[in-house]
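Analysis of the macromolecular model
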Amino acid sequence: MNLKDKIVLVTGANGGIGEALVKALIDKSVAKVYAATRSTAAVANLVQQHEGRVVALRLDITDASSVAAAAEQCRDLDLLINNAGVNGCESLMAPAGMESAREEMEVNFFGTLAMCRAFAPLLASRGDGAIVNVCSIIGLVNLPINGTYCASKAAVHSLLQGIRAELAPRGVRVVGVYPGPVDTRMTVGQEMSKATPEQVAAAIVAGLGNGDEDIFPDPMSLGVHAGLQKDPKRVEKEFAAMIPA
Ligand SMILES: NC(=O)c1ccc[n+]([C@@H]2O[C@H](COP(=O)([O-])OP(=O)(O)OC[C@H]3O[C@@H](n4cnc5c(N)ncnc54)[C@H](OP(=O)(O)O)[C@@H]3O)[C@@H](O)[C@H]2O)c1
């Protein structure tokens, strides 16, 4: 996809991968980015820095009326990037596991699905519209210490495969992104090697330019993906071994 002069919506634009994406897209000469957040004040700086090209959009992806209002406001959209997500950092058997799983499914799966459903008709009408869903490499193999989150991201992976097939005949491309650990609010306090949000955003923009269907944006995600291609059971066992005693 040639991003020049395109109109893009990024969810979860107030920090982390979302904010880095807004900046990378502006650098790629898109015409306009709708920076979607639950509180528009959270993107005031971005809007000010890129006046006229970054537009604040209030959006809670779990709220049907908010999603419908966004689809109504962004009728000129070419590319939807579903980046918003939550991670309760709970295992499936933890006391808070059920609560965490429900919230993650509500935001990561149902919220993303609601956005895809709301925007698909207008993206289809654009001729070469596209949807990018930010999944996770741990949506492809469960990391038990984040077990509930992984299950929700596995659901996102399955959803993107399904809508890719459904929307292809209508001319809408669907792209999946599978980052490894990234240095954002989501991983604060977790000691491990992390990619920067800027690295991930640059890889997403490059992957879109190359026409990639699946984007593995950092060395960790590339390595795990290669392992899963070769020996998925070995990777499952390695991730299982990361559970604290
Ligand atoms: N960081 C990682 O290691 C990593 C790895 C793989 C994949 N990812 C995925 O990358 C995406 C971006 O995460 P991040 O790392 O940049 O973390 P982040 O800084 O915590 O960003 C998450 C964003 O999602 C927004 N959000 C949460 N619930 C929402 C809702 N109901 N409606 C609208 N927006 C909502 C948050 O807004 P508020 O500020 O209002 O809460 C925030 O802007 C997520 O989908 C995440 O799962 C992250």
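Treat the numbers as computed from the prediction; the structure is a model and nothing was measured. (Residues numbered from 1 in each chain as written. Predicted model: local features only at pLDDT ≥ 70, side-chain atom pairs only at ≥ 80, totals over all residues. Heavy atoms only, no water.)

This next bit is on the site of the ligand. Taken together, the neighbourhood of the ligand is formed by 27 residues, with Asn14, Arg38, Asn83, Tyr149 and Thr184 sitting nearest. Residue Asp60 places a side-chain N or O atom 2.9 Å away from a nitrogen atom belonging to the ligand. Here a nitrogen atom of the ligand sits 3.0 Å away from a polar atom, N or O, in the main chain of Ile61. Protein burial of the ligand: of its 890 Å² of free accessible surface, 91% is covered by the chains. When contributions to the shell around the ligand are tallied by element, the ones reaching two or more residues are helix H1 (16-27) and helix H5 (147-167). The class makeup of the residues in the shell around the ligand is 13 nonpolar, 10 polar and four charged. (Near = heavy atom within 4 Å. Polar contact = N/O pair within 3.5 Å; in protein donor to acceptor, adjacent residues only side chain to side chain. Areas by Shrake-Rupley, 256 points an atom, 1.4 Å probe, with all protein chains shown as cover. Helix = DSSP H or I, 4+ residues; strand = E, 2+ residues; numbered from the N terminus. Nonpolar A, V, L, I, M, F, W, Y, C, P; charged D, E, K, R; others polar.)

The end-to-end C-alpha distance of H1, which contains 12 residues, comes to 17 Å, matching closely the 16 Å that a straight helix rising 1.5 Å per residue would cover. Among the residues of H1, Ile17, Gly18, Ala20, Leu21, Val22, Ala24, Leu25 and Ile26 are the ones counted as buried. Tucked inside the fold, the buried residues of H1 contact strand S1 (7-11), strand S2 (32-37), helix H2 (44-49), strand S3 (54-58), strand S4 (79-82) and helix H6 (197-210). Where H1 ends, the next residue or the one after it, Ser29, has phi of about 65 degrees, a positive value. (Expected span 1.5 Å × (residues − 1). Buried < 20%, exposed > 50% of the residue type's maximum accessible area, 1.4 Å probe, protein only. Contact = heavy atoms within 4.5 Å.)

Let us look at the environment of Ser158. By the element assignment, Ser158 lies in helix H5. On the basis of relative accessible area, Ser158 is assigned to the partly exposed category, the value being 44%. Through-space distance from the C-alpha of Ser158 to that of Phe109 is 9.8 Å; in sequence the pair is 49 residues apart.

Bringing the sheet that holds strand S7 (residues 214-215) into the picture now. Spatial ordering of the open sheet is given by S3-S2-S1-S4-S5-S6-S7, a layout of seven strands whose pairing is parallel. The open sheet has two free edges, formed respectively by S3 and S7, since each of these has just one partner strand. Looking at chain direction, S1 and S2 are connected through five bridges and run parallel. Looking at the pairing, Ile7 lines up with Lys32 of S2. (Pairing = 2+ DSSP bridges.)

Below, the discussion takes up the nonpolar core. Judged by nonpolar contacts, the single largest core of 45 residues is most densely connected at Leu9, Leu77, Leu80, Met115, Phe119 and Ile131. Of all the secondary-structure elements, those providing two or more residues to this core are S1, S2, helix H3 (64-73), helix H4 (97-125), H5, helix H7 (219-230) and helix H8 (232-240). Membership of the second largest hydrophobic core comes to 32 residues, among which are Leu21, Val22, Leu25 and Leu79. (Core = buried A, V, L, I, M, F, W, Y, C linked by side-chain atoms within 4.5 Å.)

Turning to the packing of H4 against H5, a few remarks are in order. For the pair H4 and H5, the least separation of the axes is 8 Å and the interaxial angle reads 15 degrees. It follows from the interaxial angle that H4 and H5 lie roughly parallel. The interaxial crossing formed by H4 with H5 has right-handed handedness. Residues Gly97, Ser100, Ala101, Glu104, Met105, Asn108, Phe109, Thr112, Leu113, Cys116 and Ala120 of H4 pack against Thr148, Tyr149, Ser152, Lys153, Ala155, Val156, Leu159, Ile163 and Leu167 of H5. Taken together, the residues of the contact of H4 with H5 break down into 12 nonpolar, six polar and two charged. (Axes fitted to C-alpha atoms, helices over the stretch in contact; angles between N-to-C directions. Parallel < 35°, antiparallel > 145°, perpendicular 65-115°, else oblique. Left-handed = near helix turned anticlockwise from the far one by under 90°.)

Here we come to the side chain of Asn87. In this structure, Asn87 sits in the loop between S4 and H4. One polar contact links the side chain of Asn87 to the main-chain amide nitrogen of Cys89, over a distance of 2.8 Å. Excluding its chain neighbours within four sequence positions, the residues that come into contact with Asn87 are Glu104, Asn146, Tyr149 and Met186.

Right, let's get into the environment of Gly16. On the secondary structure map, Gly16 appears in helix H1. C-alpha separation for the pair Gly16 and Gln229, spaced 213 residues apart in sequence, amounts to 29 Å. Look past the residues within four positions of Gly16 in its chain and what remains in contact with it is Thr184 and Pro197.

Our focus in this paragraph is the pattern of salt bridges. Following the criterion strictly, the structure yields 11 salt bridges and no others. With a shortest N-O distance of 3.9 Å, Asp128 and Lys6 are connected by a salt bridge. Of this pair, Asp128 sits in the loop between H4 and strand S5 (130-134) while Lys6 is found in the segment before S1, placing the two residues 122 residues apart along the sequence. One connected set of salt bridges, linked through shared partners, spans Arg164, Glu213 and Asp214. (Salt bridge = Lys/Arg side-chain N within 4 Å of Asp/Glu carboxyl O.)

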